[in-house]
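These are the residues of each chain, in order.
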Amino acid sequence: MKIYDDVRFIGNENNYDGYNLKHGEIGTITLPEIRDNCFYVTFIDPSFEEDDRSAPIKISDLELVKSGTISDDKILKELPKNDPRWWCKVENGYILNLLGEKKNKIPYDYNS
Amino acid sequence: MNNDELFRNNVADLMPWFKVVDFRNPLTLDDFSYESGVPDKVGDHCQKCVTVNQCYFKNEKDKKPEEFDYSNTDISRFEQGLYHPNCECKKLGYATPMSAEIKIRMDNRMDYLFDKKNGLIKAWGYLDSDKKELEKIIVEQSKNNYASGNYSIYKHDKYGFAITIYLTIPGKGIKLGRFYKRKSGYIVYPNKTLRNTTPIGGIWK
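Quantities reported herein were computed from a predicted structural model and do not represent experimental measurements. Counting from 1, residues in each chain are numbered in the order their sequence is written. Throughout, the order in which chains and ligands are written sets their labels, letters from A for the former and numbers from 1 for the latter. Only residues with pLDDT of at least 70 are given local features in this predicted model, and only at 80 or more are side-chain atom pairs given and counted; all residues enter the totals for whole chains, interfaces and linings.

Colleague: Any chance you could break down the environment of B:Asp130 for me, citing the residues and the numbers?
Modeller: Residue and element names in this part refer to chain B. Starting at the N terminus, helices and strands are each numbered in turn, a helix being any DSSP run of H or I of at least four residues and a strand any DSSP run of E of at least two. Tracing the backbone shows Asp 130 in the loop between α4 (118–123) and α5 (131–147). Three exposure classes are used. Buried residues have 20 or more other C-beta atoms within 10 Å of their own C-beta, exposed residues have 12 or fewer, and partly exposed residues fall in between, all C-beta atoms being placed from the backbone. According to the C-beta neighbour criterion, Asp 130 is partly exposed, with 18 such atoms within 10 Å. Expressed as a C-alpha distance, the spacing of Asp 130 and Lys 205, which sit 75 residues apart in the sequence, is 26 Å.

The structure is reproduced here in structure tokens:
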């Protein structure tokens, strides 16, 4: 998972009070950096008339639907201050940065 | 605080714009925290104070972060901070910024827009080859409208203060002469920088 990938929200709606999220809906990751184990996900109104809804969503509450093709170079350009240390990808249960470092020790346990 | 900052702090409520500064906290939204980005608490500093640090806002209701209301509390005057008791954030007053001072980060947002809302964009007369032209329209209007205060606070979370800027997009080609009122979403970043999250959002009236 990384920026511009399509993801499905599989978490509990009650944990995201005020964001009006619906279990199973599909959105797109629209900011590259992972903050506090969350990706920033945007859900587009299909009629294009209402506001898009955006929310920071825990990685464990997201499921990859469609992977985009953005390169690491482009991700780097989107990161704050172009700092490669920001956590920005999730692969095989690990949170990674562009230096290849892993944030969590145990795969899929993002708090480890 | 130096003399200039002290003066700006004293006149902050009289000035049309202000910058929020926590002199004891070097961290902003832009700074990487190796542990977790901007979590609920960074050392002694709360999430709101980190996400607002060094950011500029117009000094009007709904265009700036809400300050703590001490009217029904018995918290002593010495403990009354800007956003919470003992908060160390200060407001420094500034004149209205010029639009040329505003920096907009679009990154690859136009690719996202043309991918996800291609039908809408085409209906306004824009082709895939018009991406740069439409980006310029969005960026210029966003700068002008933010500087003139034509925006409102949308929400706040660990990613920062999200604002809505109101745009009027001109139609192109067979839609020339038509105008489309749309919201654009940004996050306020330090030092007059806006980071786009939604180039074209819902309709505004």
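Structure shown, so let's carry the discussion forward.
Colleague: Account for the sheet that holds strand β4 (residues 56–58) of chain B, naming residues and giving values.
Modeller: All names here are of chain B. Read across the open sheet, the 3 strands follow the order β4-β1-β5; overall the sheet is antiparallel. What marks the edges here is a single partner per strand, and that holds for β4 and β5 (89–94). Averaged over neighbouring strand pairs, the angle between their axes works out to 35° when direction is ignored. When DSSP locates at least two bridges between a pair of strands, those strands are taken to pair. In the sheet, strand β1 (residues 17–22) pairs with β4 via 3 bridges, with the strands oriented antiparallel. Counterpart to Phe 18 in the pairing with β4 is Phe 57. Convention adopted: a line fitted to C-alpha atoms gives each axis, helices being fitted over their contacting stretch, and angles between N-to-C directions are expressed from 0 to 180 degrees.

Colleague: Explain the interface of chain A and chain B to me, and be specific about the residues and the numbers.
Modeller: We call two residues in contact whenever the C-beta atoms placed from their backbones are within 7 Å. Facing the 29 residues of chain A at the interface are 24 residues of chain B. Looking at the side of chain A that touches chain B, the elements that each hand over two or more residues are β3 (38–43), β4 (53–58) and α1 (72–78) of chain A.

Colleague: Tell me about the sheet that holds strand β9 (residues 179–189) of chain B, residues and numbers included.
Modeller: Residue and element names in this part refer to chain B. The mixed open sheet is built from 5 strands, whose spatial order is β6-β10-β9-β8-β7. For this open sheet the edge positions go to β6 (103–105) and β7 (151–157), each flanked by a neighbour on one side alone. Recorded for the sheet is a direction-independent mean angle of 35° between the axes of neighbouring strands. Here strand β8 (residues 160–170) pairs with β9 via 9 bridges, running antiparallel. Bridge assignment links Pro 170 to a residue of β9, and that residue is Phe 179.

Colleague: Residues and numbers for the environment of A:Asp36, please.
Modeller: Residues and elements named next belong to chain A. As for its placement among the helices and strands, Asp 36 is situated in the loop between β2 (26–29) and β3. Classification of Asp 36 by C-beta neighbours within 10 Å gives partly exposed; the count is 18. Note: C-alpha distance between Asp 36 and Pro 56 (20 residues apart in sequence) is 9.1 Å.

Colleague: Quick one: what's the story with the pairing of β1(B), residue by residue and with numbers?
Modeller: Residues and elements named next belong to chain B. Extensive coverage of β1 is indicated by the burial of 6 of its 6 residues. Burial along β1 is two-sided: Trp 17, Lys 19 and Val 21 and Phe 18, Val 20 and Asp 22, pointing in opposite directions, are all buried. As defined by bridge partners, β1 adjoins β5 across 6 bridges and the pair is classed as antiparallel. Of the residues in β5, the one forming a bridge with Lys 19 is Leu 92.

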